[in-house]
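Notes for the structure review
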Amino acid sequence: MKAIWYDRTGPAREVLQYGDLPTPTAGQGQALIRIKASGINPSDVGMRAGGAGPMAYPRITPNSDGAGIVEAVGPGVSARWLGKRVWFYNGQRNGRAFGTAAEYIELDVDLLSELPDQISFAQGATLGIPCMTAHRSLFLAGPIQGRTVLVTGGAGAVGHYAVQLAKWAGATVIATVSSAEKAERARAGGANHVVDYRTEDVAARVRELTGGEGVHHVVDVDFGGNLAATLACVRLNGSIAYYATRGGATPAVPAGALMRLNLGVHGVLLPTSPHEARRRAQADITRWIGTGERTLSVAGRFPLLECAAAHELVEAGGKVGTCVVEP
């Protein structure tokens, strides 16, 4: 099969190689998937660049997420999967060296979900880590129906899914953004209120919007960078779930303030999230994308041979949605 791989970390055009690798076979509990689209996450790019430390394996095929068609199944797997359109995640995670930047991948069927016919493979490849991270970040502290949720970075890959899923689940959604264009994207996703953190006092505006009470739950893109504002936005007995902390890797956490608010603070890392939470996320997301009320944004589509260009677009920042490579 044709595939992309790297044997050392570094700039995309210097280390990514294109050529032939052995086509995998489906083992016990696995399905063999012909990949139609491979989604690229910032973490995939970071690992290839070397930002995540030494390589875990001598050779790595990058990218974790994707969508495709099941062509074969291994022992213990129902034949009902044959021919199914699927979306999947964790292709190059959790003990796996060979990800989705290839024509085929073999995966445990536990990582697969059916892709509705009305969703393209490119759109399906945007789900995986971003959408499942959004789901986990939204629901890990309990139901959100009838509650008010603050999503920071509401136009980003994870944030935009969090806005949409929160609205779908019956929450009132406040999103922070950094531009008028991103404000429109957040509103299109279902945000009831949008706050431009570059021009507005986020905490003051959130308090105004909630009648001084604050929000029940926060889905946060930058725990360290946003901590002071977040604590001023959340109400007593509220909760925060953060999935990144680039603005401060080791923030000074005011333990007393958290205690007085009786606040729940949760870090979110999808690959090590509880299995039952990931299964619920897969089921909910599949049901949600079948409703027709969703925006699955593809930032760019590249042939497999141009995987380096796709990685560079992710590194450049400013994209809207997920970059996709199509074998």
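Residues numbered from 1 in each chain as written. Predicted model: local features only at pLDDT ≥ 70, side-chain atom pairs only at ≥ 80, totals over all residues. Heavy atoms only, no water.

Before going further, it helps to spend a moment on the pattern of salt bridges. Tallied over the full model, the rule gives 16 salt bridges. Salt-bridge contacts for R205 lead to E208; the nearest nitrogen and oxygen are separated by 3.3 Å. In this pair, R205 and E208 are both assigned in helix α7 (residues 202-209), three residues apart and thus about one turn of the helix distant. Looking at E208, the relative accessible area reads 56%, which means it is exposed. Across the salt bridge formed by D284 and R280, the nearest N and O atoms sit 3.2 Å from each other. Residue D284 and its partner R280 are located together in helix α10 (residues 275-289), separated by four residues, close to a single helical turn. The buried category is assigned to D284, whose relative accessible area is 8%. (Salt bridge = Lys/Arg side-chain N within 4 Å of Asp/Glu carboxyl O. Helix = DSSP H or I, 4+ residues; strand = E, 2+ residues; numbered from the N terminus. Buried < 20%, exposed > 50% of the residue type's maximum accessible area, 1.4 Å probe, protein only.)

Across the sheet, which stays open at both edges, the six strands sit in the order β10-β9-β8-β11-β12-β13 with parallel pairing between neighbours. Edge positions in the sheet fall to β10 (193-196) and β13 (264-267), since each has one partner strand and no second. Strand-to-strand twist in this sheet, taken as the mean axis angle between neighbours without regard to direction, amounts to 15 degrees. Pairing of strand β8 (residues 148-151) with strand β11 (residues 215-220), which is carried by three bridges, proceeds in the parallel orientation. The residue of β11 that forms the bridge with L150 is V218. Most of the contacts of helix α6 (residues 180-188) go to strand β9 (residues 172-177), to which it runs at about 160 degrees, and overall it touches β9 and β10. (Pairing = 2+ DSSP bridges. Axes fitted to C-alpha atoms, helices over the stretch in contact; angles between N-to-C directions. Contact = heavy atoms within 4.5 Å.)

Moving on to the nonpolar core. Formed by 60 residues in total, the largest nonpolar core has its most connected members in L112, L138, I285 and I289. With 18 residues, the next largest nonpolar core counts I4, I60, A101 and L304 among its residues. (Core = buried A, V, L, I, M, F, W, Y, C linked by side-chain atoms within 4.5 Å.)

All right, on to the packing of aromatic side chains then. Per the counting criterion, the structure on display carries two aromatic pairs. Summarising the aromatic geometry, the rings of Y161 and W288 are spaced 6.1 Å apart at their centres and angled 90 degrees between planes, so their arrangement reads as edge-to-face. Highlighted residues: Y161 in helix α5 (residues 157-168) and W288 in helix α10, separated in sequence by 127 residues. Each member of the pair, Y161 as well as W288, carries the same accessibility label: buried. Consider the rings of F223 and Y242, whose centres lie 4.4 Å apart with planes at 20 degrees: the pair is stacked. Separated by 19 residues along the polypeptide, F223 in helix α8 (residues 223-233) and Y242 in strand β12 (residues 234-242) bring together distant segments of the chain. Over the ring of W81 we find R80, and its NZ or CZ is 4.6 Å from the ring centre. Its end group placed over the ring of F121, R85 keeps NZ or CZ at 4.4 Å from the ring centre. (Phe/Tyr/Trp six-rings, centres within 6.5 Å; stacked < 30°, edge-to-face > 60°. Lys NZ or Arg CZ within 6 Å of the ring centre and 35° of its normal.)

What follows concerns the pairing of strand β4 (residues 65-73). The pairing of strand β3 (residues 30-40) with β4 spans eight bridges and is classified as antiparallel. Residue A31 lies in a different strand from β4, and its bridge partner there is V73. Sheet analysis places β4 next to strand β5 (residues 85-88), joined by four bridges and oriented antiparallel. Pairing of I69 across the sheet is with R85, part of β5.

Our next topic: the environment of G256. Tracing the sequence through the fold places G256 in helix α9 (residues 255-261). Given the relative accessible area of 27%, G256 is considered partly exposed. Expressed as a C-alpha distance, the spacing of G256 and P327, which sit 71 residues apart in the sequence, is 53 Å.

Here we come to the environment of V163. Locating V163 in the fold gives a position in helix α5. Overall, V163 belongs to the buried group, its relative accessible area being 0%. Sequence-wise, V163 and G189 are 26 residues apart; in three dimensions their C-alpha atoms are separated by 6.1 Å.

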